[in-house]
Amino acid sequence: MTDLVIDTETNRKTFASYTGTGPLAFDFAYLDSADLYVKVDGVVLDSADWNDTPNVVDGGYDGGSITLTDSVTSATIEIGRDTRRLRGTQFGSGGATPRAIDEEFNRLVLITQDLSQDIAEVGAGEGGITEAPINRSDASQ
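In short, a report on the structure. (Residues numbered from 1 in each chain as written. Predicted model: local features only at pLDDT ≥ 70, side-chain atom pairs only at ≥ 80, totals over all residues. Heavy atoms only, no water.)

### Side note on the overall build of the chain
- Looking only at helices and strands, the chain has 1 helix and 7 strands in total.
- The order of helices and strands in the chain, counted from the N terminus, is β-β-β-β-β-β-β-α.
- Going through the 141 residues of the chain one by one, you find that 30% of them count as buried.
- Look at the contacts in the chain between residues 6 or more apart in sequence, and 71% of them connect residues 24 or more apart.
- Accessible area of the chain: about 9300 Å², with a carbon and sulfur share of 50%. (Helix = DSSP H or I, 4+ residues; strand = E, 2+ residues; numbered from the N terminus. Buried < 20%, exposed > 50% of the residue type's maximum accessible area, 1.4 Å probe, protein only. Contact = heavy atoms within 4.5 Å. Areas by Shrake-Rupley, 256 points an atom, 1.4 Å probe, with all protein chains shown as cover.)

### Quick notes on the packing of aromatic side chains
- Throughout the structure, instances matching the rule amount to 4 aromatic pairs.
- Geometrically, the ring pair formed by Phe26 and Phe28 is tilted, given 4.7 Å between the ring centres and 35° between the ring planes. The same class applies to Phe26 and to Phe28, which are both buried.
- Each residue in the set Phe26, Phe28, Tyr30 and Tyr61 is aromatic and connected to the rest through ring pairs, giving one cluster. (Phe/Tyr/Trp six-rings, centres within 6.5 Å; stacked < 30°, edge-to-face > 60°.)

### What about the sheet that holds strand S3 (residues 36-40)?
- Across the sheet, 4 strands lie side by side as S1-S7-S3-S4; this open sheet has antiparallel pairing. Two strands in the sheet have a free side with no partner beyond their single neighbour: strand S1 (12-20) and strand S4 (43-44).
- Where S3 and strand S7 (residues 72-81) come together, 5 bridges link them in antiparallel fashion. Note on S7: the bridge partner recorded for Leu36 is Arg81. (Pairing = 2+ DSSP bridges.)

### Thoughts on the nonpolar core
- Phe26, Leu36, Ile66, Leu68, Val72, Ile77 and Ile79 are the most contacted members of the largest nonpolar core, which totals 16 residues.
- When residues of this core are traced back to their parent elements, those giving at least two are S1, strand S2 (24-30), S3, strand S6 (60-68) and S7.
- If we ignore the near neighbours within four places in the chain, the residues touching Ile66 are Thr21, Gly22, Pro23, Leu24, Phe26, Leu36, Val38, Trp50, Asn51, Asp52 and Ile79. (Core = buried A, V, L, I, M, F, W, Y, C linked by side-chain atoms within 4.5 Å.)

### Side note on unusual backbone geometry
- Cis geometry is found at the peptide bond from Gly22 to Pro23, where omega equals 10°.
- Following the sequence through the fold, Pro23 ends up in the loop between S1 and S2.
- Despite not being glycine, Asp41 shows a phi value in the positive range, around 50°.
- With respect to the secondary-structure elements, Asp41 resides in the loop between S3 and S4.
- The phi dihedral of Ser74 is positive, around 50°, even though this residue is not glycine.
- Assignment of secondary structure puts Ser74 in strand S7.

Such coordinate-based values are descriptive only and should not be taken to indicate function.
So, in structure tokens, the structure goes:
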């Protein structure tokens, strides 16, 4: 069986001592503006305070740029991705289109990358992912 390899990709870009509004380029993949966040000096901006311009590829975006609505002076700006976990797929009653399948698969890969980076930042031994046991009354059958 062939392994599915998920490439490590940074999901954050930092600009130190930045003055202006942008555009501020980043090169990590994302699927939607709602998957991004922008921090100025450690404070998360409301999504109305910035605009993204994506580099469009099939099934998502391959980086892009952020433009702030208000100018900053000597600020540390962080652009990051935190892929939304959806409660359902995009598959409609007529079935899934190839583009919808591609985007759902890309979402799973990006979520895995986001979680992997978050766990690495917490540090070994301080956090992790554990598998929950199955507790079913018919488990012995």
